[in-house]
Amino acid sequence: MLEKILVVDDEKEIADLIEVYLQNENMDVYKFYSGEEALVCIGSTDFDLAILDIMLPDISGLSICQSIRSKEYTYPVIMLSAKDGETDKITGLTLGADDYITKPFLPLELVARVKAQLRRYKKYNVGAAVPAADEVFQYAGLTMNIKTYECRLNGEALSLTPTEFSILRILLERRCSVVSAEELFHEIWQEEYYNKSNNTITVHIRHLREKMKDTGENPRYIKTVWGVGYKIGEI
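Only a predicted model underlies this, so the values are computations on that prediction, with no experimental measurement involved.

## A few points about the overall build of the protein chain
Along its length, the protein chain carries 8 helices and 11 strands. Classification of the 235 residues of the protein chain by burial places 52% in the buried group. Total accessible area computed for the protein chain in this model is approximately 11,400 Å², and 51% of it derives from carbon and sulfur atoms.

## Focus on the packing of helix α6 (residues 162-173) against helix α7 (residues 181-189)
Their axes nearest at 10 Å, the elements α6 and α7 cross at an angle of 120°. In terms of their interaxial angle, α6 and α7 are classed as oblique. The crossing of α6 and α7 is right-handed. Along the contact surface, α6 presents T163, S166, I167, R169, I170 and E173, while α7 presents L184, E187, I188 and W189. Looking at side-chain class alone, the contact of α6 with α7 contains 5 nonpolar, 2 polar and 3 charged residues.

## A short note on the packing of aromatic side chains
Summed over the entire model, instances satisfying the criterion amount to 5 aromatic pairs. Taking 6.2 Å as the distance between ring centres and 70° as the angle between the ring planes, the aromatic pair formed by F47 and Y75 counts as edge-to-face. Of this pair, F47 sits in the loop between α2 (35-42) and β3 (49-53) while Y75 sits in the loop between α3 (61-70) and β4 (77-81); the two residues are 28 residues apart in sequence, bridging distant segments of the chain. On the basis of relative accessibility, which here comes to 3%, the residue F47 falls in the buried class. An angle of 85° between the planes, with centres 6.2 Å apart, marks the rings of Y139 and Y221 as edge-to-face. Pair noted here: Y139 is in strand β6 (residues 136-139) and Y221 is in the loop between α8 (200-211) and β10 (222-225), with a separation of 82 residues, a long-range link.

## Here we look at the sheet that holds β6
Paired through backbone hydrogen bonds, the strands of a sheet run either parallel or antiparallel to each other. Read from one edge to the other, the open sheet built from 4 strands follows the order β6-β7-β8-β9, with strand pairing classed as antiparallel. Two strands lie at the open edges of the sheet, namely β6 and β9 (156-157), each paired on one side alone. Of the pairings in the sheet, the one linking strand β8 (residues 150-153) to β9 comprises 2 bridges and is antiparallel in character. For L153, the partnering residue across the bridge sits in β9 and is E156.

## Quick notes on a negative patch on the surface
Together, D10, E36, E37 and D58 make up a region of like negative charge exposed at the surface. Along the chain, D58 turns up in the loop between β3 and α3.

## Looking at the confidence of the model for the protein chain
Chain-level pLDDT for the protein chain is 85 on average; 88% of the residues reach the 70-or-more range. Of all helices and strands in the protein chain, the one with the weakest mean pLDDT is helix α4 (residues 86-94) (72), whereas strand β1 (residues 4-8) scores best (97). In this model residues 126-133 is a low-confidence stretch, pLDDT under 50, and it forms 12 contacts with partners more than four residues away in sequence or in other chains.

## Quick look at unusual backbone geometry
Omega for the bond connecting K103 with P104 falls within 30 degrees of zero, at -10°, which places this linkage in the cis form. Mapped onto the elements of the fold, P104 is located in the loop between β5 (99-102) and α5 (107-124). Phi is positive for A140, close to 50°, though the residue is something other than glycine. The backbone of N154 shows a phi angle near 55°, a positive value even though the residue is not glycine. Structurally, the position occupied by N154 is in the loop between β8 and β9.

## Section: the sheet that holds β3
Taken in spatial order, the 5 strands line up as β2-β1-β3-β4-β5 in an open sheet, and their pairing is parallel. Pairing within the sheet leaves two strands with one partner each, and these edge strands are β2 (28-32) and β5. With strand direction ignored, the average angle separating the axes of adjacent strands in the sheet is 15°. Here β3 pairs with β4 via 4 bridges, running parallel. When the bridges of β4 are listed, A50 appears paired with V77.

Definitions and limits used
- Residues numbered from 1 in each chain as written.
- Predicted model: local features only at pLDDT ≥ 70, side-chain atom pairs only at ≥ 80, totals over all residues.
- Heavy atoms only, no water.
- Helix = DSSP H or I, 4+ residues; strand = E, 2+ residues; numbered from the N terminus.
- Buried < 20%, exposed > 50% of the residue type's maximum accessible area, 1.4 Å probe, protein only.
- Areas by Shrake-Rupley, 256 points an atom, 1.4 Å probe, with all protein chains shown as cover.
- Axes fitted to C-alpha atoms, helices over the stretch in contact; angles between N-to-C directions.
- Parallel < 35°, antiparallel > 145°, perpendicular 65-115°, else oblique.
- Left-handed = near helix turned anticlockwise from the far one by under 90°.
- Contact = heavy atoms within 4.5 Å.
- Nonpolar A, V, L, I, M, F, W, Y, C, P; charged D, E, K, R; others polar.
- Phe/Tyr/Trp six-rings, centres within 6.5 Å; stacked < 30°, edge-to-face > 60°.
- Pairing = 2+ DSSP bridges.
- Patch = residues over 30% accessible without salt bridge, like charges linked within 9 Å, V, L, I, M, F, W, Y side chains within 5 Å.
- Salt bridge = Lys/Arg side-chain N within 4 Å of Asp/Glu carboxyl O.
- Lys, Arg positive; Asp, Glu negative; His and termini not counted.
- Charge placed at Lys NZ, Arg CZ, Asp CG, Glu CD.
- pLDDT = per-residue confidence, 0-100.

Below you can see the structure in the form of C-alpha cells.
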C-alpha cells in the first residue's frame, strides 16, 4: 500500500515539485494550496505524514499542525518555512511537529527527511507491517509498550508524536545512562551532522515534560545532566 502524504503549500511551484519527487518514490500525494481545503481532507483521510508550509493565505501551517495533534493523529509532521527564525521553529515543534526545513531546500533532502520519518512511524505505529519487538519498559509509573505504540503514566495514556515517542524510548532503553543531544539527534534522524545551535531536541524534551506534567526545577522522569545530555532513572 502506498504511503499517503499530505502536502500543503500556497507556492504552486514548490508544492508541485514536492509532489513530483514524492511520487517518484511511489508515494500517494494529497496536494493543497490552502489550509482550509487541507483541513477538510485531514478529517477524512488516514495520512502517513504531513508536510505543511507555515505561511499560508488563509490559515497557518502551525494551526493545521495544532489541529492534527488535537485530533490525536500521531503521524509525523514536517514544517516548511521561508524564514530561518528560531521562534517559528520552536513554535512548530512545541505544537507537535517532528521536523522543520527552511526554504529554499534541496528536494532530495526533503525526500530523505520524509523517508526517515516514515521509517520510524512504521516501526512504532500500531498495525505496522513490520512490528517492533515485543518489549515493555517500565519506570516509576511510566509504561511504554514498543509493539503497540502505547505509553502510559500512572495509568493515563500519553499522546506522543513519533519523535517524542522515539526520544522517550531511547532514554528508557538506556535507563540510568546519560544520552547526549547529539546521540538522540543522530539516532532519530539518522543523520551524521548536528548543528550546535539547533535546539530541536531541547524543545521536544520540554514538550515531553509538559505532557508528563513534570516541568518543575527537578523533574522526576527526564533529568538534564548539564553539559552532557539527558537520562531517566538513577543507578
